[in-house]
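An overview of the molecular structure
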Amino acid sequence: MKRIYLDHNATTPVHPEVFEAMVPYLKDEWGNPSSIHWAAREPKKAIDSAREKVAALLGCEANEIVFTSCGSESNNFAIKGVADALRGKGNHIITTSVEHPSVLNTCKFMEREGWEVTFLPVDPYGMIDLDQLRDSITDKTILVSIMFANNETGTIFPVEEIGKITREKGVLFHCDAVQAVGKVPIDVKRLNIDLLSLSGHKLYAPKGVGALYVRRGVRITPLIHGGHQERNRRAGTENVAGIVALGKACEIAMRDMDEEVAHITRLRDKLEKGIMERIEHVKLNGHPTKRLPTTLNVSFMYIEGESILLNLDMKGVAASSGSACTSGSLEPSHVLMAMGVPPEIAHGSVRFSLGRDNTDEDIDYVLEILPPIVERLRSMSPLYAKVKG
Amino acid sequence: MYSEKVMDHFMNPRNMGEIPDADGVGTVGNPACGDIMQLYIKVEGNVIKDVKFKTFGCGAAIATSSMVTELVKGKTLEEAEKISNKTVAEALDGLPPIKMHCSNLAADALHAAIEDYRKKRASKA
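Residues numbered from 1 in each chain as written. Chains lettered and ligands numbered in written order. Predicted model: local features only at pLDDT ≥ 70, side-chain atom pairs only at ≥ 80, totals over all residues. Heavy atoms only, no water.

Looking now at empty space enclosed by the protein. Summed over all chains, the structure comprises 2 cavities of 30 Å³ or more. One number sums up the size of the largest cavity: a volume of about 190 Å³. Taken together, 19 residues make up the lining of the largest cavity; nearest its centre are Gly182, Lys183, Leu203, Tyr204 and Glu260 of chain A. Considered class by class, the residues forming the lining of the largest cavity number 10 nonpolar, 6 polar and 3 charged. Three or more residues apiece are contributed to the lining of the largest cavity by two domains, here domain 1 (4-11 + 257-388) and domain 2 (16-253) of chain A. When its volume is computed, the second largest cavity comes out at roughly 30 Å³. If you trace the second largest cavity, you find it lined by Tyr302, Ile303, Glu304, Ser307, Leu377 and Ser381 of chain A together with Thr55, Phe56, Gly57 and Ile62 of chain B. (1 Å grid on protein atoms, 1.4 Å probe; cavity = no way out; pocket = protein on both sides within 12 Å on 5 of 7 lines; lining within 4 Å. Points joined across faces, edges and corners; volume = space filled by probe spheres on them. Nonpolar A, V, L, I, M, F, W, Y, C, P; charged D, E, K, R; others polar. Domains from an automatic or database assignment.)

Structure representation (structure tokens):
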């Protein structure tokens, strides 16, 4: 059976060059980088080099990069770490209602700990209102945490403007850029970002490694206490192979980004156009233009997302949905709900997220199998029967 | 995550459609929670002679709808009333725990259709 992977916002396959780069650190160079003897030398050098590669992609200094275990850890570290370090200065955090659960639920945890949190609403495209952000900042605000791009819809936030506002108001800006790194050029200095989260496995490195950029001078309390690793900011013996992999992935992203983005954008647009031409009653979720090149989120009205995904999976196509049935909860996607999408339309959402290995043939195949799937499910739907009359 | 039986009923649903001159129609669920089931029955004497469904929902919702139509065809109304959501889930070799309460409403739709039938008959009499 064909296997077509259109779920790159969930995770990406490991790039062959990344795999090659990390293997020596699983095999021969297994030393603990903190040791003083021969076994430590090569792993230590490899971590330094990886740190420089990550920093180069973000436009920062190597010593501003802290390696973590994943994007969720980076987000937890940024919010809890800054809040703890600045607890004397204020008690207010601002975020949005469409963040990834690792930001949203960390902020809800902070609320239970006595912090005040503002969850900014979004418009139907998933965009925040910058005036509302500016007005929400008080003298008690210590941190603004807003994602670079939304994982479900791909909507890209006005990060440059957010950075200007936070810098002008003197509050820190944390940006969860897990979905954006490697897909959009990011220069943390130009954008006035103080902390930025990224994750290896969204970037063709393996799971189990991430990083947090912490601008020099930003005070942050460690999340994981212990040894002196990562300049006392993140204890625990380093995941050397994972860190090497992340460094390599960032190096490849810098080298290949322009070409890959052009390729992926073309395929994504072809998929979007093809679906809109072939299938009636389809609604785009997210911003029509300010959107990650990888992401297409559409609702097939009158049918439910999980049943679409199961049918696609039977034909070898992997995608995801904002339907409650795929989230493990009873609620449809909090992102689509915050955008004001009616629940029955949110239940019918499907997210296709493309990657570097996708081809024209993949898209042609999806465009061939999708219309009959939608038609068959609609023929079963009492909601569609009403529309057809 | 679904049993083979669920996938079979999902991919090849039995008795899908509508009965235009149905004797009873039952509708349960709502679009907000992502499941709507509509069940049509044709009754002769005391026996369910024909049954069809239309469902908006996930794999479990469609499979349970299909299964309940198989379980109920040819049964008396009293026998049909004894079929519970649990009976339907068991006939499908079980459902994932999260689906047991959200997408397992097919028997409720059946009971609603029987109630509708009884009401209509009472009003005719």
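Let's pick the thread back up.
Residues and elements named next belong to chain A. In this structure the tally under the stated criterion is 34 salt bridges over all chains. The partner of arginine 255 in a salt bridge is aspartate 256, and the shortest N-O contact between them spans 2.8 Å. Within the structure, one salt-bridge network assembled from shared partners comprises Arg266, Lys270, Asp360 and Asp364. (Salt bridge = Lys/Arg side-chain N within 4 Å of Asp/Glu carboxyl O.)

Attention now moves to the environment of leucine 191 of chain A. Residue and element names in this part refer to chain A. Turning to its location among the elements, leucine 191 is positioned in the loop between strand E6 (172-176) and strand E7 (195-199). Residue classification places leucine 191 among the buried positions, given a relative accessible area of 5%. For the pair formed by leucine 191 and asparagine 232, sequence separation is 41 residues and the distance between their alpha carbons is 27 Å. (Helix = DSSP H or I, 4+ residues; strand = E, 2+ residues; numbered from the N terminus. Buried < 20%, exposed > 50% of the residue type's maximum accessible area, 1.4 Å probe, protein only.)

Bridge count between strand E3 (residues 92-96) of chain A and strand E4 (residues 116-120) of chain A: 5 bridges; the pairing is parallel. What sits directly across from threonine 96 of chain A, in E4 of chain A, is leucine 120 of chain A. (Pairing = 2+ DSSP bridges.)

For the rest of this paragraph, the subject is the nonpolar core. All names here are of chain A. Membership of the largest hydrophobic core comes to 67 residues, with the highest contact counts inside it found for Ile275, Phe300, Leu312, Phe352 and Leu370. Tallying contributions element by element places helix H14 (residues 360-380) first for this core, with 10 residues. Here isoleucine 275 is in contact with Val282, Leu296, Phe300, Phe352, Leu367 and Leu370, once residues within four sequence places are set aside. In terms of nonpolar packing, the next biggest core, distinct from the first, is built from 66 residues, Ile165, Cys175, Leu196 and Ala253 among them. (Core = buried A, V, L, I, M, F, W, Y, C linked by side-chain atoms within 4.5 Å. Contact = heavy atoms within 4.5 Å.)

In this section: the side chain of glutamate 73 of chain A. Looking at the secondary structure, you find glutamate 73 of chain A in helix H4 (residues 71-85). With sequence-adjacent residues up to four places away left out, glutamate 73 of chain A is seen in contact with Thr68, Leu223, Ile224 and Arg234 of chain A.

It is worth spelling out the interface of chain A and chain B at this point. How big an interface is tends to be stated in terms of accessible area lost as the parts join. Each partner contributes residues to the interface: chain A has 23 residues there, and chain B has 27 residues. Together, the buried faces of chain A and chain B total about 2,000 Å²; carbon and sulfur atoms form 71% of this surface. Ionic pairing is found between glutamate 306 of chain A and lysine 99 of chain B, a salt bridge with its closest N-O pair at 2.7 Å. Counting every contact that joins chain A to chain B gives 9 residue pairs in polar contact (both at pLDDT 80 or more). Among the elements of the structure, helix H10 (305-314), helix H13 (343-346), H14 and helix H15 (382-388) of chain A are those that each provide at least two residues to the side of chain A that touches chain B. Its residues placed into classes, the side of chain A that touches chain B shows 12 nonpolar, 7 polar and 4 charged. (Buried area = accessible area lost by both parts, 1.4 Å probe. Polar contact = N/O pair within 3.5 Å; in protein donor to acceptor, adjacent residues only side chain to side chain.)

With that settled, the discussion passes to the sheet that holds strand E3 (residues 47-56) of chain B. Residues and elements named next belong to chain B. Pairing in this open sheet of 3 strands is antiparallel, and the strands run E1-E2-E3 from one edge to the other. With one partner strand each, in any of the chains shown, strand E1 (24-30) and E3 form the two edges of the open sheet. Put simply, the sheet's adjacent strands are angled 15 degrees from each other on average, direction ignored. Pairing of strand E2 (residues 35-44) with E3 involves 9 bridges; the strand directions are antiparallel. Opposite valine 43, over in E3, you have isoleucine 48 as the bridge partner. Each of E2 and E3 touches helix H2 (residues 59-72); the most contacted strand, E3, lies at about 175 degrees to it. (Axes fitted to C-alpha atoms, helices over the stretch in contact; angles between N-to-C directions.)

Residue and element names in this part refer to chain A. Split by domain assignment, chain A resolves into domain 1 (4-11 + 257-388) and domain 2 (16-253). When each unit is reduced to the centre of its C-alpha atoms, the spacing between domain 1 and domain 2 is 29 Å. Contacts between domain 1 and domain 2 engage 26 residues on the former and 33 residues on the latter. Note on domain 1 versus domain 2: buried area summed over both sides is about 2,400 Å², and carbon and sulfur give 59% of it. When the buried surface of domain 1 facing domain 2 is broken down by residue, Met257, Leu292 and Met339 rank first, second and third, together holding 27% of it. Counting the contacts that link domain 1 with domain 2 gives 0 salt bridges. Secondary structure elements with two or more residues in the side of domain 1 that touches domain 2: helix H9 (240-278), strand E10 (295-300) and helix H12 (334-338).

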